[in-house]
Amino acid sequence: MSLKNDKFPASAAFDAISQALATDADKKDAIKQGNAVFAFTLKNTAGETESWHIDLKNKGEVGKGLGEKPTVSLTLSDADFGNLVTGKANAQRLFMSGKLKIKGDVMKATKLDPILKKAQTKAKL
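Residues numbered from 1 in each chain as written. Predicted model: local features only at pLDDT ≥ 70, side-chain atom pairs only at ≥ 80, totals over all residues. Heavy atoms only, no water.

For the protein chain, an unreviewed UniProt entry supplies the name SCP2 sterol-binding domain-containing protein and the organism Podospora appendiculata.

Here it is as structure tokens:
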């Protein structure tokens, strides 16, 4: 099942993240590193919003919607998310410039970086 939404081009990254968590070893490693549920709400150029989550607390999987009790919620534009996943943008700079909004455990958001880096090699955005 694809997590991609054509109205949100960068959403293809969620499929890449899902592939990066394909093996049990990858899942266990990511859960150990992340230990949180990360919720993403992306806004496209038409002003529409859509949500996805990465569960690195229980299941080690990616899905649509906000997930079960997100530890941290990140809100940003589809374009900025695409740049973040491909390594063209820095999460800290996006946050400082107000382009990335974080609710919940801000320190857990820093744990997402290695997972995004793993997906970078697989994402074709």
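What follows picks up the thread again.
Caption draft 1: Inspection of helix 1 (residues 12-20) at higher detail. Most of helix 1 is tucked away, with 7 of its 9 residues classed as buried. Residues Ala12, Ala13, Phe14, Asp15, Ala16, Ile17 and Ala20 constitute the buried set of helix 1. Summarising the contacts, the buried residues of helix 1 are in contact with helix 2 (24-34), strand 1 (37-43), strand 2 (49-55), strand 3 (61-64), helix 3 (78-86) and helix 6 (113-120). (Buried < 20%, exposed > 50% of the residue type's maximum accessible area, 1.4 Å probe, protein only. Helix = DSSP H or I, 4+ residues; strand = E, 2+ residues; numbered from the N terminus. Contact = heavy atoms within 4.5 Å.)

Caption draft 2: A look at the nonpolar core. By size, the foremost hydrophobic cluster in this structure holds 32 residues, and its most contacted members are Phe14, Ile17, Phe38, Phe40, Ile54, Leu76 and Phe81. Among the elements that take part in this core, helix 1 stands out by supplying 4 residues, more than any other. Leave out the neighbours within four places in its chain, and Phe38 touches Trp52, His53, Ile54, Leu56, Val72, Lys108, Ala109, Lys111 and Leu112. (Core = buried A, V, L, I, M, F, W, Y, C linked by side-chain atoms within 4.5 Å.)

Caption draft 3: Expanded view of the side chain of Lys108. In this fold, Lys108 is placed in helix 5 (residues 106-109). With no salt bridge to any partner, buried Lys108 finds its closest opposite charge in Asp105, at an N-O distance of 5.3 Å. (Lys, Arg positive; Asp, Glu negative; His and termini not counted. Salt bridge = Lys/Arg side-chain N within 4 Å of Asp/Glu carboxyl O.)

Caption draft 4: Structural detail: the pairing of strand 3. Across 4 bridges, the pairing between strand 2 and strand 3 is antiparallel. Pairing of Asp55 across the sheet is with Glu61, part of strand 3. Between strand 2 and the antiparallel strand that follows it, strand 3, lie 5 residues; Gly60 among them carries a positive phi value of about 70 degrees. (Pairing = 2+ DSSP bridges.)

Caption draft 5: How the structure looks around the packing of aromatic side chains. Enumeration according to the criterion identifies 5 aromatic pairs in this entry. Consider the rings of Phe8 and Trp52, whose centres lie 5.8 Å apart with planes at 75 degrees: the pair is edge-to-face. With a gap of 44 residues between them, Phe8 in the segment before helix 1 and Trp52 in strand 2 connect regions that are remote in the sequence. The exposure classification of Phe8 matches that of Trp52, with both residues buried. Ring centres of Phe14 and Phe40 lie 5.5 Å apart, and the angle between their planes is 65 degrees; on these two criteria the pair is classed as edge-to-face. Of this pair, Phe14 sits in helix 1 while Phe40 sits in strand 1; the two residues are 26 residues apart in sequence, bridging distant segments of the chain. (Phe/Tyr/Trp six-rings, centres within 6.5 Å; stacked < 30°, edge-to-face > 60°.)

Caption draft 6: Structural context of the sheet that holds strand 2. An order of 3-2-1-4-5 is seen for the 5 strands of this open sheet, with the pairing classed as mixed. Two strands in the sheet have a free side with no partner beyond their single neighbour: strand 3 and strand 5 (101-104). Within this sheet the neighbouring strands show an average axis-to-axis angle of 20 degrees, counted without direction. Where strand 4 (residues 72-77) lies against strand 5, 4 bridges are found, and the strand directions are antiparallel. In the sheet register, Ser73 faces strand 5, and the bridge partner there is Lys103. Sheet contacts for helix 3: strand 1 and strand 4; angle to strand 4, the most-contacted strand, approximately 110 degrees. (Axes fitted to C-alpha atoms, helices over the stretch in contact; angles between N-to-C directions.)

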